[in-house]
Amino acid sequence: METNEPEKVNFTTDDKVKISANFWKGGNEAVLLIHMLNARKESYNIFAEKLNKAGFTVLALDMRGHGESLEQNGLKKNWEQFNEQDFRNMILDQKAANEFLIKEGVQLKTIVGASIGANNALNYASINPGIENVILLSPGLDYRGVTTEEAAKRVRARTIIVASEEDAYAYGSSKALNEILA
C-alpha cells in the first residue's frame, strides 16, 4: 500500500549502531536512499514520495553519526568524531537496511547515494549481487577513507553517475569511475 507519510523505523547494525530510517511501503522492489555528509534522511523526502507513488518501497537512512543514528553500544557519537574506519563501517548500515527490507518482504534492487553516500552505495552494491541499479550523485575516489576504485571494478549493477563540472573533485572522480566501469 502506498503512503505519503513515512513510517519511522529503527534497526541495529552488526556493530551495534542503532539506525533510524524513514520507510515508505510500496511494491516488492525497494530503493535505498543514502544522504551526503552532514545531512539527514529527510533530505530525500520529496524524491522518496515520488518513488513511492511510482510503486516502489523506499527506505531513507540516517547513516551512523547523522540525524537520529547517533547511538552505538549505548554511547552517542557524531560523524565529526569519526575516524576513517568509522566512515568505512557505514557499509554495515546498508547491510542492516537490506536485512530490514528482507524482513518486510521486499527486495532491495536500487541504491541512490550522494557524496560519501554514493561511495558507500557503490561499495555495498559491489558485494551484494542482488543490487541491480546504483545511482551515484557526486561520488569521489576517496571520501574520508571510503574509496571506490576497487568497488567499481567489482560492481555488476547498472551504474549511473551524476556530477557537476562545478564540483571539480566529484566531476574528476566521476570521470575516473566511469572509465573503470566502461
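S.K.: What am I meant to see in the side chain of Asn-133 here?
M.R.: Among the structural elements, Asn-133 can be located in strand β8 (residues 133-137). Within polar-contact distance, the side chain of Asn-133 engages the side chain of Arg-158 at 2.9 Å. If sequence neighbours within four positions are ignored, Asn-133 has contacts with Lys-109, Thr-110, Ile-111, Ala-157 and Arg-158.

S.K.: Even after reading the chapter, I still don't get the nonpolar core, so can you show me in this structure?
M.R.: What tends to happen in soluble globular proteins is that the nonpolar side chains get buried as a cluster. In this structure, Phe-11, Leu-59, Leu-61 and Ile-111 are the most contacted members of the largest nonpolar core, which totals 40 residues. The greatest single-element share of this core, amounting to six residues, is contributed by helix α4 (residues 116-127). Residues Val-31, Tyr-44, Leu-51 and Val-112 belong to the second largest nonpolar core, which totals ten residues.

S.K.: Which parts of the structure should I look at to understand the sheet that holds strand β2 (residues 18-24)?
M.R.: Across a sheet, paired strands are connected by hydrogen bonds in the backbone, their directions being either parallel or antiparallel. Strand order across the open sheet formed by seven strands is β1-β2-β4-β3-β7-β8-β11, with mixed pairing between neighbours. The open sheet has two free edges, formed respectively by β1 (7-12) and β11 (158-162), since each of these has just one partner strand. Neighbour-to-neighbour, the strand axes of this sheet turn through a mean angle of 20°, independent of strand direction. With five bridges connecting them, strand β3 (residues 29-34) and strand β4 (residues 57-62) associate as parallel partners. Bridge pairing in β4 places Ile-34 opposite Leu-61. Packing of helix α1 (residues 45-53) onto the sheet brings it into contact with β2, β3, β4 and β7 (107-114), and relative to β2 it is tilted by some 50°.

S.K.: Would you mind going over the pattern of salt bridges with me for this structure?
M.R.: Note that side chains of opposite charge can pair when their charged atoms are close. By the definition in use, this model includes 14 salt bridges. When the shortest N-O distance is used, the salt bridge between Glu-68 and Lys-8 registers 2.5 Å. Of this pair, Glu-68 sits in the loop between β4 and β5 (71-72) while Lys-8 sits in strand β1, and the two are 60 residues apart along the sequence. Overall, Glu-68 belongs to the partly exposed group, its relative accessible area being 40%. Across the salt bridge formed by Asp-93 and Arg-64, the nearest N and O atoms sit 2.8 Å from each other.

What counts and what doesn't
- Residues numbered from 1 in each chain as written.
- Predicted model: local features only at pLDDT ≥ 70, side-chain atom pairs only at ≥ 80, totals over all residues.
- Heavy atoms only, no water.
- Helix = DSSP H or I, 4+ residues; strand = E, 2+ residues; numbered from the N terminus.
- Polar contact = N/O pair within 3.5 Å; in protein donor to acceptor, adjacent residues only side chain to side chain.
- Contact = heavy atoms within 4.5 Å.
- Core = buried A, V, L, I, M, F, W, Y, C linked by side-chain atoms within 4.5 Å.
- Buried < 20%, exposed > 50% of the residue type's maximum accessible area, 1.4 Å probe, protein only.
- Pairing = 2+ DSSP bridges.
- Axes fitted to C-alpha atoms, helices over the stretch in contact; angles between N-to-C directions.
- Salt bridge = Lys/Arg side-chain N within 4 Å of Asp/Glu carboxyl O.

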